[in-house]
Amino acid sequence: MPVKIRLQRHGKKGKPFYWVVAADSRAKRDGRFLEKIGTYNPNTNPATIDLDVDGAVKWLQNGAQPTDTARAILSYKGALLKNHLAGGVKKGALTEEQAEAKFTAWLEEKASKVAGKADGLAKAEADAKAKALEAEKAVNEARIAAAVPATDSEDAAVAETGADSEE
């Protein structure tokens, strides 16, 4: 039975939400699956991925072939790296401790990159909000400045007409 690691679509129209599943390649896209490995939500920025890395590695070692998108997700979360390191341990090139240390170091580096991106997005959003607020203040000040001289000229006109009527 050929097994694929692929995405199964859920969610409503325009708001996709995916399950990462191991499924028989002959099954329908949203049909029967063997095991749910994780979830993928592309609606958030950065995209939210919850993946059972050990389960994915188990399926990869049993011969499951990931689709292109699933491969990108597995690579992003480190499942392909962990599978590669497990192959090195099996061949004797690495010890289990060395492989685990490499994987942990990679996870820490990846987490710092993701945190940096999230911080950058938050900073960009705050800057855009501040810029919009400044623009709104400038428009309001211009509107107030335009309204004030009109009332002064009206007062002057009323004063002149009042002076003319007294004569």
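Everything here concerns the structure above.
This report concerns the structure included in the present document. This one's a predicted model, so the numbers in the text were calculated from it and none came from an experiment. (Residues numbered from 1 in each chain as written. Predicted model: local features only at pLDDT ≥ 70, side-chain atom pairs only at ≥ 80, totals over all residues. Heavy atoms only, no water.)

## A closer look at the nonpolar core
Grouped together as the largest cluster of nonpolar side chains are 24 residues, with contacts concentrated most on Ile5, Ile37, Leu51, Trp59, Leu74 and Ala79. The dominant element in this core, judged by the number of residues it contributes, is helix H1 (residues 53-61), at five residues. Setting aside anything within four residues of it in sequence, one finds Leu74 in contact with Ile5, Leu51, Ala56, Leu60, Pro66, Ala79 and Leu80. (Core = buried A, V, L, I, M, F, W, Y, C linked by side-chain atoms within 4.5 Å. Buried < 20%, exposed > 50% of the residue type's maximum accessible area, 1.4 Å probe, protein only. Helix = DSSP H or I, 4+ residues; strand = E, 2+ residues; numbered from the N terminus. Contact = heavy atoms within 4.5 Å.)

## Remarks on the packing of aromatic side chains
Counted according to the given criterion, the structure contains three aromatic pairs. Seen from their ring centres, Tyr18 and Tyr40 are 5.9 Å apart, and the 25° between their planes marks the pair as stacked. Linking Tyr18 in strand E2 (residues 15-24) with Tyr40 in strand E3 (residues 35-41), this pair joins segments that are 22 residues apart in sequence. Across this residue pair, the class does not change: Tyr18 and Tyr40 are buried. Judged by centre distance (6.4 Å) and plane angle (20°), the rings of Phe103 and Trp106 are stacked. Taken together, the residues span about one helical turn, with Phe103 and Trp106 both in helix H4 (residues 96-166) at a distance of three residues. Positioned above the aromatic ring of Trp19 is the side chain of Lys36, whose terminal nitrogen or guanidinium carbon lies 4.1 Å from the ring centre. (Phe/Tyr/Trp six-rings, centres within 6.5 Å; stacked < 30°, edge-to-face > 60°. Lys NZ or Arg CZ within 6 Å of the ring centre and 35° of its normal.)

## A few points about helix H3 (residues 79-91)
Spanning 13 residues, H3 covers 18 Å between terminal C-alpha atoms, matching the ideal 18 Å at 1.5 Å per step. If you check which residues of H3 are buried, you get Ala79, Leu85 and Gly88. Trailing H3 by a residue or two, Gly92 shows a phi angle of about 95°, which is positive. (Expected span 1.5 Å × (residues − 1).)

## Describing the environment of Asn62
Mapped onto the elements of the fold, Asn62 is located in the loop between H1 and strand E5 (65-66). A sequence separation of 59 residues divides Asn62 from Val3, and the C-alpha atoms of the two residues are 9.0 Å apart.

## Notes on H1
Because each turn of an α-helix spans 3.6 residues, side chains separated by three or four positions end up pointing in the same direction. The set of residues buried in H1 consists of Val53, Gly55, Ala56, Val57, Trp59 and Leu60. Downstream of H1 by one or two residues, Gly63 has phi in the positive range, about 105°.

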